[in-house]
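Structural characterization, general
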Amino acid sequence: MKINGVHHIAVYPNEANFEKTVTFYRDVLGFPLKRQWDDGHCQMLSCGDNTVMEIVYHPELDNAPIDGSLNHIAFATDDVDEIIEKVRALGYEVTIEPKDLTLGEGYDVRIAFFKGPLGETIELFKEY
């Protein structure tokens, strides 16, 4: 079991702030587009190392109360399932069980989510 670093930091702006958010990270901070899907409503911008800023617009969240703009932090790993079993055994809440997804064309990943010790949302992320 090994964490290989931060994979991405996710923010979920509402529709009114989506372009402003993308423009800020892309044009002001200079994060180039690494990949996008869902007609551009999901974008990953490179932070300059292996970390990406994930900016996602979910229409169903437009009217949701906002506790803060950071949605979750994702750690890159080679073994999502092993780490999930370890955090589950320690009593942490697994909120999304390990599953395989294809994000956009040919971007295959395995993910899982759980709540950390402060209630923070943590994603485990494996790229294939």
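Whatever comes next refers back to the structure up there.
1. Section: the nonpolar core
- The biggest cluster of nonpolar side chains holds 12 residues, and these are Trp 37, Cys 42, Met 44, Val 52, Val 56, Ala 74, Leu 103, Tyr 107, Val 109, Ile 111, Phe 113 and Phe 125.
- Of all the elements in the fold, those that place two or more residues in this core are β3 (42-46), β4 (52-56) and β7 (108-115).

2. A closer look at the sheet that holds strand β8 (residues 121-127)
- Spatially, the eight strands line up as an open sheet ordered β2-β3-β4-β1-β5-β8-β7-β6, and their pairing is mixed. On the outer flanks of this sheet lie β2 (33-37) and β6 (94-102), each paired with one strand and no other. Mean inter-strand twist for the sheet, computed between neighbouring axes without regard to direction, equals 20°.
- Inspection of the sheet shows β6 paired to β7 by six bridges, in the antiparallel sense.

3. A look at the packing of aromatic side chains
- Evaluated as defined, the whole model comprises five aromatic pairs.
- Arranged with centres 5.1 Å apart and planes meeting at 85°, the rings of Phe 24 and Tyr 25 form a pair that is edge-to-face.
- Taking relative accessible area as the criterion, Phe 24 reaches 38% and is therefore assigned partly exposed.
- Plain terms: the ring middles of Trp 37 and Tyr 107 are 6.4 Å apart, the flat faces sit at 50° to each other, and that makes the pair tilted. Placement of the pair is Trp 37 in strand β2 and Tyr 107 in the loop between β6 and β7, with a sequence separation of 70 residues.

4. Here's the deal with the environment of Val 22
- Take Val 22: it is sitting in helix α1 (residues 15-28).
- Along the chain, Val 22 and Glu 54 lie 32 residues apart, while their C-alpha atoms are 9.5 Å from each other.
- The contact partners of Val 22, leaving out residues within four places of it in the chain, are Asp 27, Gln 43, Leu 45 and Ile 55.

5. Let's talk about the side chain of Glu 54
- Along the chain, the position of Glu 54 falls in strand β4.
- We note that Glu 54 is buried and unpaired, the nearest opposite charge coming from Arg 35 at a distance of 9.4 Å.
- The residues contacting Glu 54, other than those within four sequence positions of it, are His 8, Ile 9, Ala 10, Val 11, Tyr 12, Trp 37, Gln 43, Met 44 and His 72.

6. What about helix α2 (residues 80-89)?
- Every buried residue belonging to α2 is among Val 80, Ile 83, Ile 84 and Val 87, and all of these are buried. All buried residues of α2 project into a common sector of 100° when viewed along the axis, lining one side.
- Along its buried surface, α2 packs onto β1 (3-11), β5 (70-77), β6, β7 and β8.

7. Things to note about the pairing of β8
- By the bridge criterion, four bridges tie β5 to β8 in an arrangement that is parallel. Residue pairing across strands places Phe 75 opposite Leu 124, the latter belonging to β8.
- One ladder, built from seven bridges, connects β7 with β8; its direction is antiparallel. Bridged to Phe 113 within β8 is Glu 123.
- Taken together, β7 and the strand that follows it, β8, pair antiparallel across an intervening segment of five residues, in which Gly 119 is found at a positive phi of about 85°.

About the cut-offs
- Residues numbered from 1 in each chain as written.
- Predicted model: local features only at pLDDT ≥ 70, side-chain atom pairs only at ≥ 80, totals over all residues.
- Heavy atoms only, no water.
- Core = buried A, V, L, I, M, F, W, Y, C linked by side-chain atoms within 4.5 Å.
- Buried < 20%, exposed > 50% of the residue type's maximum accessible area, 1.4 Å probe, protein only.
- Helix = DSSP H or I, 4+ residues; strand = E, 2+ residues; numbered from the N terminus.
- Pairing = 2+ DSSP bridges.
- Axes fitted to C-alpha atoms, helices over the stretch in contact; angles between N-to-C directions.
- Phe/Tyr/Trp six-rings, centres within 6.5 Å; stacked < 30°, edge-to-face > 60°.
- Contact = heavy atoms within 4.5 Å.
- Lys, Arg positive; Asp, Glu negative; His and termini not counted.
- Salt bridge = Lys/Arg side-chain N within 4 Å of Asp/Glu carboxyl O.
- Arc of directions from axis to C-beta.

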